[in-house]
Amino acid sequence: MGQEGVHLAELVTGIMLLMLVAATASSVNKRMQKLPLTIALVFIGIFLSFAAENIPGFHSLAEFELSPDLVLFVFIPTLIFESAFNLNARQLGRNILPILTLAVPGLLLSTAIIGLTLSLFAPFEIMVALLLGAILSATDPVAVISIFKQLGVPERLTILVEGESLLNDATSLVLATILIGILTAGTFSGAVVVDGLLNFVVVFLGGAVVGWLLAVAAGLLLGNVESDPAIEITISTILAYFSFIIAEHVFHVSGIMAVVAAGLLMGSWGKSKISPSIEEFMEHFWEYLAYLANALIFLMVGMQIDLVALWQNIDLIGIVVAGMLISRAVVVFGVVPLVGRFPGVEAIGLPYRCVMYWGGLRGAIALAIVLALPPFEYKDTLINVVMGAVLFTLVVQGLTIEVLVKWLKLDQMSLPDNLARIEGDREARVEGLSRLDILTKGEIFPKRIADNIQDKSARQITKLTAELQGLHENMQADEMRTILAMRCLVREKSRYHELFSQGLINEWAFRELDHTVDVQLDGVRHKNVLPAAKIETSIGKRFSQILMFIMDYIPGLSRPLEQLRTQWIVRDYGVAWGRYRGSVSVIGQMNRIAGEEIDREIVSELTQVYESIQLQVRQLIDEVGEQYPEFVEASMEQLGQRLMLIAEKDSVEHAAETGILQPGVAGKILKDQSERLRILTQDNMSATFEIEIEELLRKVPAFSKIETKRFELIAKYLRARTYPRGTDIIRQGTAGDSMFLIARGIANVTIKQGDESKQVAALYAGDFFGESAMLHGTPRNATATAATPCSLYELKGSDLDKICEAHPEIRARVEEIDESRKSSSTHVNHEPKS
């Protein structure tokens, strides 16, 4: 074996040893719970550094070092992606302004303060001092987040700390790169500053765009994969690493921002693209990778620390730490409160700010940046100073953050969470007792032992019941209402996941319903607003609406635009059907959800709320059924076929598990079923919305007297248009060169006078509108909105001229109706504007 083979064997041996050490440390730490794992690993790493030089068997660790490439290209994509993937994107959105303030202007201010402090009290040039400030302004809250999870702190605090870290890592790296460029060039001027700021914006936002686009592509790929863990896990892994590499090396923008954007999108929109059976496995996979990356990083941080060098630079480290603490205080206690004064921004209280201040630990990013510095006069000194600052935050702040959280009482559960904990514990013990009864009926398990266990469990259940009663006795009516509303929404959310897993709703409906429940849970928790029938607009839906609006003004896109609009009616129907099933589930289980402790009047109130939701969504379903019975029939047939295929698939999997079918045979059957399910899912429902021209023209007064055989001529000029419920067909004040004929559906006509809008008419199948603007070249004088899903036909003015050459009576009839409407006090009811 050559030298290369020996080196590779030592490398693998060293990695395995580090993994063994990490696993052992994790096991011991779980039992002792004396130190956060990451901090314990740093201490172990310091010991390993000593052992590698002095203890036989550890020599393979001697050459291990924390290189910048190892951190940036191996560990960081994993850690950033896992954190973003599991972060609540909706909660991040609610707190995005304070997080962005901390991550961008806050970090720039921190850099300036640390840099100024060092330039005054340390032997560093101003640019070197600013570089060190940028490096040490990036937070790494891994140890803090693990403590938060153990203590059960409020979710908002976790989002603020973790969200800041995700974004300021990218800011710090971009800023440090710019400062390194200025140092290398050796010139500094106003033009350089302006150029640097512009470059900062482009690199920062460019990385987010690259990550977003790659995540969209990965999501679309995942949507075409059916329950294949190998492929789905591989796609997510490729996304995490390729987003970083492509952003950094192809587009030269922020790789960290690319990974953040990719992780956030995959953790929200992308989760509905992952097969339900794979979702939990994927979460465990990324949790393991993050654990491994963190363990190896902090072990190697400890191994990299040179205590002698740190002692020699203790004065500089003290100045740096003071600068860090001062800058952090200015940002958290000075800047963040100002953000809370903005309209719509929830203020961050003093206890939260105290934890955010002291929880601003430094870690892997800072080390990676300083280790990657090009050779220059201060490099070794900066490495030692950064090592010392990181060690201070990990040991001093990391070991005391738990004390601070408890002192501020942020570890205490809210009333709903405390109730849920006690009720869950009690239900679990009751279930355990029932299973014990089953065991004793077999006459094998000793009755004496069973009775002893039963007595202990019964006493514990009695104690938990007493705790619950104590909490319930002190609850006000508003608290009971909030708790019951949250339970109902949680039941809804669970039901939608069941429907999606069973194939009864598609991924789009699941995503919209899941988003709606999350938003309404926030409303209940923070604003005491009860659940409502309204479907909240998700980011995906808002994006599609903007896209359709833009396409409406681009020539040549009428056909794909029509397909999108038709698709929206199908999607809205699926969402309404799912919401109906969710409300039925909640109403059917209301008494079980409420339990005995919730006041009966409040139970009745929430029942009425869900009955109202059920009634409203049923009306939406019936609207589509009345206007498009063909679509509803085809949809129900597709649903039935899907259910049959899923049942067949479950049957084959069960037969394979029990040995009735050989694995190879079962695999072939399952592959065939998956293909049939894929084809069924892609079945185009647009054809069910097509309306016979003859059916429409018989209803329109202007065309009703024309011979049926002439309808074919007219049909050539009519363009089908489909509009989902709530969409503006034409808008007041805009120009219009066409009229619209309603084939199916109802359109409401409104006029705007000043700041008020007034509905003046409702148009039905056979009505037409828009003729006045088309005939006279005037702006539309009203807005027509689809009150139900609508199928219309658009007739351009130029095409009407061609039709009227053969049938002049049509123009006469249209003009007659137009004059009648203009002379009538209600003419605007029939002639909205687009």
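Because the structure is predicted, anything quoted here is derived from the model rather than measured. (Residues numbered from 1 in each chain as written. Predicted model: local features only at pLDDT ≥ 70, side-chain atom pairs only at ≥ 80, totals over all residues. Heavy atoms only, no water.)

### A word on unusual backbone geometry
No. 1: Positive phi outside glycine occurs at histidine 252, with the angle close to 55 degrees.
No. 2: With respect to the helices and strands, the residue histidine 252 is situated in the loop between α11 (229–250) and α12 (255–268).
No. 3: Residue histidine 252 is classed as exposed on the basis of its relative accessible area, which comes to 58%.
No. 4: The residue lysine 409 is not glycine, and still its phi comes out positive at about 60 degrees. (Helix = DSSP H or I, 4+ residues; strand = E, 2+ residues; numbered from the N terminus. Buried < 20%, exposed > 50% of the residue type's maximum accessible area, 1.4 Å probe, protein only.)

### Digging into the pattern of salt bridges
Two side chains of opposite charge can pair, provided their charged atoms sit close to one another.
No. 1: Using the criterion set out here, one finds 18 salt bridges in the structure.
No. 2: The shortest N-O distance in the salt bridge between glutamate 498 and arginine 495 comes to 3.1 Å. Taken together, the residues span about one helical turn, with glutamate 498 and arginine 495 both in helix α21 (residues 477–501) at a distance of three residues.
No. 3: Its relative accessible area of 28% is what places glutamate 498 among the partly exposed residues.
No. 4: A salt bridge links glutamate 794 to arginine 721, with the nearest nitrogen and oxygen atoms 3.1 Å apart. Of this pair, glutamate 794 sits in strand β8 (residues 790–796) while arginine 721 sits in strand β1 (residues 719–723); the two residues are 73 residues apart in sequence, bridging distant segments of the chain. Both residues of the pair, glutamate 794 and arginine 721, count as buried. (Salt bridge = Lys/Arg side-chain N within 4 Å of Asp/Glu carboxyl O.)

### A short note on empty space enclosed by the protein
No. 1: The full count for this structure, using the stated rule, is three cavities of 30 Å³ or more.
No. 2: By volume, the largest cavity amounts to about 90 Å³.
No. 3: Residue lining of the largest cavity: Leu102, Gly106, Leu107, Ser110, Ser137, Thr139, Glu164, Asn168, Ser327, Arg328, Val331 and Arg362, and that is the complete set.
No. 4: Elements represented by at least two residues in the lining of the largest cavity include exactly α6 (105–121), α9 (155–185) and α15 (314–339).
No. 5: Looking at the lining of the largest cavity, its residues break down into three nonpolar, six polar and three charged.
No. 6: Computed from the structure, the second largest cavity encloses a volume of approximately 40 Å³.
No. 7: Around the second largest cavity, the lining residues are Met324, Leu325, Arg328, Tyr357, Gly360, Arg362 and Gln397.
No. 8: Top element by residues in the lining of the second largest cavity is α15. It accounts for three residues. (1 Å grid on protein atoms, 1.4 Å probe; cavity = no way out; pocket = protein on both sides within 12 Å on 5 of 7 lines; lining within 4 Å. Points joined across faces, edges and corners; volume = space filled by probe spheres on them. Nonpolar A, V, L, I, M, F, W, Y, C, P; charged D, E, K, R; others polar.)

### Quick word on the sheet that holds strand β4 (residues 747–753)
No. 1: Taken together, the four strands give an open sheet; going across it, the order is β2-β7-β4-β5, and neighbouring strands pair in antiparallel fashion. Lying at the two open borders of the sheet, with one neighbouring strand each, are β2 (728–730) and β5 (756–763). The sheet shows a mean angle of 35 degrees between the axes of neighbouring strands, direction not considered.
No. 2: As paired elements, β4 and β5 share seven bridges and run antiparallel to each other. Looking across to β5, one finds that glutamine 753 is bridged to glutamate 756. (Pairing = 2+ DSSP bridges. Axes fitted to C-alpha atoms, helices over the stretch in contact; angles between N-to-C directions.)

### Concerning the packing of helix α24 (residues 558–588) against helix α27 (residues 629–657)
No. 1: Axis separation between α24 and α27 bottoms out at 12 Å; the angle between their running directions is 60 degrees. For the pair α24 and α27, the crossing hand works out as right-handed. Of α27, the residues touching α24 (which contributes Val570, Tyr573 and Trp577) are Phe631, Val632, Ser635, Met636 and Leu639.
No. 2: In the contact of α24 with α27, the residues fall into seven nonpolar, one polar and no charged. (Left-handed = near helix turned anticlockwise from the far one by under 90°. Contact = heavy atoms within 4.5 Å.)

### Regarding the side chain of threonine 171
No. 1: For threonine 171, the position within the fold is in helix α9.
No. 2: Within the structure, threonine 171 has its side chain in polar contact with the backbone oxygen of leucine 167 (distance 3.0 Å).
No. 3: Leave out the neighbours within four places in its chain, and threonine 171 touches Ala103, Val104, Leu107, Phe200 and Phe204. (Polar contact = N/O pair within 3.5 Å; in protein donor to acceptor, adjacent residues only side chain to side chain.)

### A word on the pairing of strand β7 (residues 783–786)
No. 1: Neither face of β7 is open: one carries Thr783 and Thr785, the other Ala784 and Ala786, and all of them are buried.
No. 2: Sheet topology places β2 next to β7; two bridges connect them, and they run antiparallel. Bridging across to β7, aspartate 728 finds its partner in threonine 785.

### Focus: α9
No. 1: Between the first and last C-alpha of α9 there are 45 Å, a value that for 31 residues agrees with the 45 Å anticipated at 1.5 Å per step.
No. 2: Along α9, the helix axis deviates most sharply at asparagine 168, where the bend reaches about 25 degrees.
No. 3: Where burial is concerned, most of α9 is hidden: 25 out of the 31 residues are buried. (Expected span 1.5 Å × (residues − 1). Bend = angle between axes of the 7 residues up to and from the residue.)

### A short note on the confidence of the model for the protein chain
No. 1: A residue-level look at the protein chain finds 90% of positions with pLDDT of 70 or above and a mean pLDDT of 81.
No. 2: Segment residues 1–6 is flagged for pLDDT under 50; beyond a separation of four residues in sequence, or across chains, it makes one contact in the model.
No. 3: Counting contacts from residues 825–834, a segment whose pLDDT is below 50, to residues more than four positions away or on other chains yields 51 contacts. (pLDDT = per-residue confidence, 0-100.)

### Some remarks on α12
Residues spaced three or four apart along an α-helix point in a common direction, a consequence of the helix completing one turn every 3.6 residues.
No. 1: Compared with an ideal rise of 1.5 Å per residue, which puts 14 residues at 20 Å, α12 spans 20 Å between its outermost C-alpha atoms and is within 8% of the ideal.
No. 2: Along α12, 13 of the 14 residues are buried, which leaves the element largely enclosed by surrounding structure.
No. 3: Where α12 begins, one side-chain oxygen reaches toward the backbone nitrogen of methionine 257, 3.1 Å away; that side chain belongs to serine 254.

### Let's talk about the side chain of glutamate 623
No. 1: Here glutamate 623 lies in helix α26 (residues 600–627).
No. 2: A polar contact is formed between the side chain of glutamate 623 and the side chain of arginine 725, at a distance of 3.2 Å.
No. 3: In this structure glutamate 623 touches Arg725, Ala787, Thr788 and Pro789, once residues within four positions along its chain are discounted.

### Things to note about the environment of glycine 625
No. 1: Assignment of secondary structure puts glycine 625 in helix α26.
No. 2: Taking the C-alpha atoms as reference points, glycine 625 and tyrosine 573, separated by 52 residues in sequence, lie 9.5 Å from one another.

### Re the sheet that holds strand β6 (residues 768–769)
Two modes of strand pairing occur in sheets, parallel and antiparallel, and in both the strands are linked by backbone hydrogen bonds.
No. 1: Pairing within the open sheet is antiparallel, and its four strands lie in the order β1-β8-β3-β6. The two strands at the open ends of the sheet, each matched to only one other strand, are β1 and β6.
No. 2: Note: strand β3 (residues 738–744) against β6, two bridges, orientation antiparallel. Each bridged residue has a counterpart across the sheet, and for leucine 741 the counterpart in β6 is phenylalanine 768.
No. 3: The strands touched by helix α32 (residues 797–806) within the sheet are β1, β3 and β8, with β8 carrying the most contacts at an inclination of about 70 degrees.

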